[in-house]
Amino acid sequence: MAVAAATLSELAGRAQPVAIAGDRLLPVLPALESLLPGGGLRRGSVVTVGGSSVTGSTSLALSLLAAVSAQGSWCAAVGLPALGLAAAAEMGVVLERFPVVASVGRGSGPGGWAWVVAALIDAVDVVLAGPPSGPGGGVRTADARRLTARVRERGAVLLTCGDGAWPEPAEVCLTVTSAAWEGLGRGHGHLRGRRVEVVAGGRGAAARERRAQLWLPHPDGGVRQVEDEEAGKEVSSGERRPHARRVVS
Amino acid sequence: MVSGVRTLVVWCPDWPIVAAGLCDRPAAVLAGGRVVACSASARAEGVARGLRRRQAEARYPPLVVADHDPAADARAFEPVAAAVEAFTPAIEIVRPGICALATRGPSRYFGGDEALAAQVAAAVDEVLASSGGGGGTGPVCRVGIADGPYAAERAARRGLIVPPGASAAFLADFPVSTLSFRSATEGNAEQDDLFFRLGIRTLGDLARLPAPAVLARFGPDGAVAHRLARGLDERPLAARTPPPDLAVTAELDPPVERLETAAFVAKNLADRLHHGLGAVGLTATCVLVEAEWEHGERLARRWRLDGSGSGGGGHTAAALAERVRWQLDGWMTAAAAIATTRLPGGLTLLRLEPEEVRPDDGRQLGFWGGDRAIAERVARALARVQGMLGPDVVVTAAPAGGRSPADQIRLVPWGEMPPGARPTGPKGATPPWPGRIPSPTPAVVHRSPVAAQVVDAQLSVAGGPWSAVTAWAGPWPVDERWWDAATHRHRARWQVVTAEGTAHLLSQEGDRWEVEATYD
């Protein structure tokens, strides 16, 4: 009976409207809720994901898409030629609703990065964009302002990630400040999980700095908050497993 | 009462088998796990349409099994269509394996229905014999003439010529279940079942019912079935001829030689045609595809759009684009193989003209309206990007089998049908890939592997600064594609974590190191 009720509620959840226009917040995975003002991605906002010298920003960006995509919304990626789509699927992004623009033209005219991003903002709920990097790269301030206005008007979310910089102050800036892998030893084991610390800052409601310790990914898959006792255990078990601690940067 | 247009239908039995070149042995063609066609020798062993693969193989274990390839069917049918077209330019391909023509003009010219049927059959048999190798077990065709395409198709299956006005009597003895054979849609089969349970066993029984009562009880589908049973055309003859401006044309300068590019143009044209028709509340049931080539050659072919197309019904722009693609494939690829046609060169003009239209009955949107509208909005935006940057730039990913992170994903240009799903194990589990690196999967997979150097537990990526390797595992040796010298790779994979906390997936081939992916 309980199983039937669970199945029914799951079906009811699936049949729900995918995007209610009035819904101002797009959902995120429960572990990420504490990082974002309101506990979700606010429609019409620009969110930057970066990690100064520490890796993990791509995974963090993909994990932000997971719940939105699973709920039935469309997401799209542009300017990230090396994005691992198998990892995206593993993170929970539904690949059928995740078109990827593999390469863009040069400059800011039609076919350029800003043009493609603008076209996608019109259509999908979340655009994951990697600003062009390298010499002659970057986003022009005028383009950035125009895209910000467009995102606000369309009620989409622009998520930037990667090496290129976003020249305007974003609503929310997420930064991975530390990352430590678990499971890999000196010649044995394999990568299982990674503990990261994410710092969120930004403007307005997001101005207050928020921090979270996350498993990204958890050894059992998915993204979870690091429990306090796990943190304690890690220190003690680290004594016994020196390699596990040495991985910490 | 208007009777149907006098129609000749050429029917090549088991066309998917003929197209696959399997008619000389016991073989079956499967689509969606069910037999859609089987050769005569397989039928003699008890294999029948609609069986599951396992059932068919149980009935005759040495059965040769092939997957259904509609594009190949259409391509293989091209020579047959060309042979029939020698009699009259106005032929309709109902679907690969069946084509129809109105006999009014040709039968007068060639000396009556019988003479026309005999000559068409001889011409088609000659084409089939030259392509299928001939012999007693080679492919054959049957020709039938009756009033209206449906009755003519039934007549063709028996190789009969039904006298004018006698089509209703001819159809009367067929069981109602034959109605569902005209298109492979579920709804019809259900309806036929309903007819049967209500005691309407033959088409004659159905035809005797009053038309208004059938419409009231069974709705528009029932009314169509009733018209068919009475030997009338499926479409009322008063079908409106569309105003000429609905035709869409694309001039191609420079000429297009690659099929992919032409197919992309065709997709845009199909969209435009669809929107143009949609604006006046119509939908096309028959479209003339016309192409002009560099050497001034002009080819045209009619395609009927019934409800049995893949991609959700034959009336969508995607289904039309698919058919135009098949046709172009036939012209561009198969034309080279036919001795009588010279290589047509580049395509300079493509034109789609709706020949028959009917009012669009509309379709049901999702209860909350959202789903489909959003998907169409996305499709529009992506088509815009494709139009600017080329069709291959926008991709969607489909899971695929493989060991390296790059192999586990196959990229399909947006708007194209994803390739057939990989076989999955019991309960949908992915098949095992020994030597695959366990999850998590790296989030950054380098398009082309980055050269790296590893010396004394120190790693340098792309000539960058050295950093200490603090943890590692491996090697996971893989010996891939040893059967193919060109793509054979024998290498070992390593997972390493550097002092900065960055994890890489390295691959080692001899003493060459590459960063294949990064766990970003």
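The rules we used
- Residues numbered from 1 in each chain as written.
- Chains lettered and ligands numbered in written order.
- Predicted model: local features only at pLDDT ≥ 70, side-chain atom pairs only at ≥ 80, totals over all residues.
- Helix = DSSP H or I, 4+ residues; strand = E, 2+ residues; numbered from the N terminus.
- Buried ≥ 20, exposed ≤ 12 C-beta atoms within 10 Å, placed from the backbone.
- Contact = placed C-beta atoms within 7 Å.
- Nonpolar A, V, L, I, M, F, W, Y, C, P; charged D, E, K, R; others polar.
- Pairing = 2+ DSSP bridges.
- Expected span 1.5 Å × (residues − 1).
- pLDDT = per-residue confidence, 0-100.
- Core = buried A, V, L, I, M, F, W, Y, C linked by C-beta atoms within 7 Å.
- Axes fitted to C-alpha atoms, helices over the stretch in contact; angles between N-to-C directions.
- Parallel < 35°, antiparallel > 145°, perpendicular 65-115°, else oblique.

Moving on to the overall build of chain A. On a plain count of helices and strands, chain A comes out with seven helices and 11 strands. Considering chain A as a whole, with its 249 residues, one finds that 44% of them fall into the buried category. Taking as baseline every contact in chain A between residues at least 6 positions apart, the subset at least 24 positions apart corresponds to 65%.

Opposite the 56 residues of chain A that make contact, chain B presents 48 residues. When contributions to the side of chain A that touches chain B are tallied by element, the ones reaching two or more residues are helix 2 (57-70), helix 3 (85-91), strand 5 (100-101), helix 4 (113-123), strand 8 (172-184), strand 9 (189-202) and helix 7 (242-246) of chain A. Among the residues forming the side of chain A that touches chain B, the class breakdown is 33 nonpolar, 18 polar and five charged. In the sheet, strand 5 of chain A pairs with strand 12 (residues 394-399) of chain B via two bridges, with the strands oriented antiparallel. Directly across from Val101(A), in strand 12 of chain B, lies its bridge partner Val394(B).

Residues and elements named next belong to chain B. Here strand 2 (residues 27-31) runs beside strand 4 (residues 64-67); their pairing, made up of four bridges, is parallel. When the bridges of strand 4 are listed, Val-29 appears paired with Ala-66. Pairing of strand 2 with strand 3 (residues 34-38) involves four bridges; the strand directions are antiparallel. Bridge pairing links Val-29 to Ala-37 in strand 3. Linking two consecutive strands that pair antiparallel, namely strand 2 and strand 3, is a turn of two residues; a positive phi of about 60° is found at Gly-32 within it.

Residues and elements named next belong to chain B. Over its 21 residues, helix 12 (residues 259-279) extends 30 Å from the first C-alpha to the last, a length consistent with the 30 Å expected when each residue adds 1.5 Å. Considered for burial, the residues of helix 12 that qualify are Ala-262, Ala-263, Phe-264, Ala-266, Lys-267, Leu-269, Ala-270, Leu-273, His-274 and Leu-277. Gly-281 sits one or two positions beyond helix 12 and adopts a positive phi of about 75°.

For chain A, the average pLDDT comes to 81, and 83% of its residues sit at 70 or higher. Low pLDDT (under 50) marks residues 232-249 of chain A, which in the prediction has 23 contacts with non-local residues, meaning those over four places away or in another chain.

Time to look at the environment of Pro217(A). Relative to the helices and strands, Pro217(A) is located in the loop between strand 10 (210-215) and strand 11 (224-225). Residue class for Pro217(A) comes out buried when judged on the 25 C-beta atoms lying within 10 Å of it. When the C-alpha atoms of Pro217(A) and Ser63(A) are compared, they prove to be 9.1 Å apart, with 154 residues separating the residues in sequence. The contact partners of Pro217(A), leaving out residues within four places of it in the chain, are Gly193(A), Arg194(A), Gly222(A), Val223(A) and Pro440(B).

Turning to the nonpolar core, a few remarks are in order. In terms of nonpolar packing, the biggest core is built from 111 residues, with Leu120(A), Val126(A), Val127(A), Leu128(A) and Leu159(A) touching the most fellow members. At nine residues, the largest contribution of residues to this core is made by helix 4 of chain A. If you look at the next biggest cluster of nonpolar residues, it comprises 99 residues, including Ile91(B), Ile145(B), Val324(B) and Met332(B).

Residues and elements named next belong to chain B. Sheet topology note: the strand 8 (residues 248-256)/strand 11 (residues 347-359) ladder contains five bridges and is antiparallel. If you follow Thr-249 over to strand 11, its bridge partner there is Arg-351. For strand 9 (residues 282-293) and strand 11, the ladder comprises 11 bridges, and the chain directions are antiparallel. Across the sheet, Val-287 pairs through a bridge with Pro-354, a residue of strand 11.

Residue and element names in this part refer to chain A. Two elements in contact, helix 4 and helix 5 (residues 141-154), have axes separated by 10 Å at closest approach and are oriented at 5°. Between helix 4 and helix 5, the angle falls in the class roughly parallel. Counting all contacts with helix 4, which are made through Ala-114, Val-117, Ala-118, Ile-121 and Asp-122, the residues of helix 5 involved are Asp-143, Leu-147, Arg-150, Val-151 and Arg-154. For the contact of helix 4 with helix 5, the residue count by class is six nonpolar, no polar and four charged.

A few words on helix 7 (residues 149-158) of chain B. Count 3.6 residues to each turn of an α-helix, and residues three or four apart come out pointing the same way. Residues and elements named next belong to chain B. Burial within helix 7 is extensive, with eight of its 10 residues counted as buried. Those residues of helix 7 that sit buried are Pro-149, Tyr-150, Ala-151, Ala-152, Glu-153, Arg-154, Ala-155 and Ala-156. In this structure, the buried residues of helix 7 make contact with strand 1 (6-11), strand 5 (91-95), strand 6 (98-102), strand 7 (142-147), helix 8 (167-171) and helix 11 (211-229).

All names here are of chain B. Strand order in the open sheet formed by three strands is 3-2-4, with mixed pairing between adjacent strands. At either margin of the open sheet sits one strand with a lone partner, and together these are strand 3 and strand 4. The mean angle between the axes of side-by-side strands here comes to 35°, regardless of whether they run parallel or antiparallel.

Residue and element names in this part refer to chain B. Spatial strand order, 7-1-6-5-10-9-11-8: eight strands in an open sheet with mixed pairing. Of all strands in the sheet, those bounded by a partner on one side alone are strand 7 and strand 8. In this sheet, adjacent strand axes meet at a mean angle of 25° when their direction is disregarded. Where strand 5 and strand 6 come together, four bridges link them in antiparallel fashion. Counterpart to Arg-95 in the pairing with strand 6 is Ile-98. Where helix 4 (residues 70-85) meets the sheet, its contacts fall on strand 1, strand 5, strand 6 and strand 10 (298-304), and the angle it forms with strand 5 comes to roughly 150°.

Residue and element names in this part refer to chain B. Residues of chain B with pLDDT of at least 70 account for 83%, and the chain-wide mean is 78. This model gives residues 236-242 a pLDDT under 50, and the stretch forms eight contacts once residues within four places in sequence are excluded. Here residues 419-428 scores under 50 on pLDDT; set against residues more than four positions off or in separate chains, the count is 11 contacts. ipTM for the predicted complex: 0.82, alongside a pTM of 0.54.

So, on to unusual backbone geometry. For residues other than glycine, phi is negative in most cases, and the peptide bonds are mostly trans. Residue and element names in this part refer to chain B. Each neighbour pair has its own omega, and for Asp-253 with Pro-254 the value is 5°, a cis peptide bond. Looking at where Pro-254 falls in the secondary structure, it is placed in strand 8. Residue Ser-439 is joined to Pro-440 through a cis peptide bond whose omega torsion reads 10°. The topology assignment puts Pro-440 in the loop between strand 13 (409-413) and strand 14 (444-455). Unusually for a residue other than glycine, Asp-14 sits at a positive phi of about 50°. The topology assignment puts Asp-14 in the loop between strand 1 and helix 1 (15-19). According to the C-beta neighbour criterion, Asp-14 is buried, with 24 such atoms within 10 Å. Positive phi outside glycine occurs at Ala-462, with the angle close to 50°. You can see Ala-462 is positioned in the loop between strand 15 (458-461) and strand 16 (467-480). On the basis of neighbour counts, which here come to 10 C-beta atoms within 10 Å, the residue Ala-462 falls in the exposed class.

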